[in-house]
Amino acid sequence: MKPIIGITMFQDIEIEKSFSLVSNNYLNAIENAGGVPLFIPISENIEDVKSYLDMIDGIIFSGGEGVDPIKFSENPSKSVSNINPSRDNFELALFHEAYNRNMPILGICRGAQLINVALGGSLYQDIFSEIPNCHGHMPSEMQVYDLFHIIDIEENSKLFDIFKAMELEVNSFHHQAIKDIGKDLKVTATARDGVIEGIESLSRKFLIGLQWHPEDLILKHKEFLKLFKALIDSIKQ
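The model shown is predicted, which means the values in this text are computed figures rather than measured ones.

Parameters at a glance
- Residues numbered from 1 in each chain as written.
- Predicted model: local features only at pLDDT ≥ 70, side-chain atom pairs only at ≥ 80, totals over all residues.
- Heavy atoms only, no water.
- Buried < 20%, exposed > 50% of the residue type's maximum accessible area, 1.4 Å probe, protein only.
- Helix = DSSP H or I, 4+ residues; strand = E, 2+ residues; numbered from the N terminus.
- Contact = heavy atoms within 4.5 Å.
- Polar contact = N/O pair within 3.5 Å; in protein donor to acceptor, adjacent residues only side chain to side chain.
- Axes fitted to C-alpha atoms, helices over the stretch in contact; angles between N-to-C directions.
- Parallel < 35°, antiparallel > 145°, perpendicular 65-115°, else oblique.
- Left-handed = near helix turned anticlockwise from the far one by under 90°.
- Salt bridge = Lys/Arg side-chain N within 4 Å of Asp/Glu carboxyl O.

A. Fine view of helix H1 (residues 24–33). Looking only at H1, the buried set comprises Asn25, Tyr26, Leu27, Ala29, Ile30 and Ala33. On its buried face, H1 sits against strand S1 (4–8), strand S4 (36–40), strand S5 (58–61), strand S6 (105–108), helix H7 (214–217) and helix H8 (225–236). Here H1 starts with a cap whose side-chain oxygen sits 3.0 Å from the backbone nitrogen of Asn25, and that cap is Ser23. Among the residues trailing H1, Gly34 stands out with phi positive, at a value near 100 degrees.

As structure tokens, then:
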């Protein structure tokens, strides 16, 4: 049987209705890598976390809103406008249970930030005002599959093992980023301005967080499918 990969969703709230959504590019990435995607909606029923995880073999924490600064003991700065406390609460519970099970985990953009916060780390709420001389990280006129800047990869890392390269060009759509690294984590990739672009666990078999969006890049750059294949392969091993 093909491995089943859970993918977290975000909410689009309209008058008297809310919708659970996620980009189909996550679905396509998992299917093309040999897995079966299963979308996991945000729920107020935290006790259902175990039931969701019982149905899947690995999980992707997807992109979206910023993590509420309260979760890393800071008050929100004026740059923070798009947060969802319900999503934070549900996904943090989901992560901790998956982490305790040593389930393969991939965090993308917000997902990488959530992993770091869950393990005791912190975030820059706005890199453009908090990091002197930072480069561009949130272009306004580019397609999601366009390459934007270079990252440097640590040789002793799963990321290097996957791409067999010490640098990559990636896309970029974020104004927040990892600040203080969480416990059981190490930095595996950085942008040329020092912004953290990749993290991984020191103890779990597959726990990777990425600040960029590989699920979008595979539309034009098939080499990024290697990441999702590595997730699938970690389940088969």
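Once you've had a look at it, read on.
B. Highlighting the packing of helix H3 (residues 85–100) against helix H4 (residues 110–118). At their nearest, the axes of H3 and H4 sit 10 Å apart, and the two run at 70 degrees to each other. Classified by the angle their axes make, H3 and H4 are roughly perpendicular. Seen along the crossing, H3 lies across H4 with a hand that is right-handed. Contacts between H3 and H4 involve Arg87, Asp88, Glu91, Leu92, Phe95 and His96 from the first element and Arg110, Leu114, Ile115 and Ala118 from the second.

C. Quick peek at the pattern of salt bridges. According to the stated counting rule, one finds nine salt bridges in the structure shown. Here Asp54 and Arg101 are joined by a salt bridge, their closest N and O atoms 2.8 Å apart. Residue Asp54 is found in helix H2 (residues 49–54), and its partner Arg101 is found in the loop between H3 and S6; the two are separated by 47 residues along the sequence. Judged by relative accessible area, Asp54 falls into the exposed class, the value being 56%. Accessibility expressed as a relative area gives 32% for Arg101, which makes it partly exposed. A salt bridge links Asp152 to Arg192; the nearest nitrogen and oxygen atoms lie 2.7 Å apart. With Asp152 in strand S8 (residues 149–153) and Arg192 in the loop between strand S11 (185–191) and strand S12 (196–201), this pair connects stretches of sequence that are 40 residues apart. A relative accessible area of 46% means that Arg192 is categorised as partly exposed. Each of Glu65, Arg87, Asp88, Glu91 and Arg110 takes part in salt bridges that share partners, so that together they form one network.

Read these as layout, nothing more, since geometry by itself doesn't imply function.
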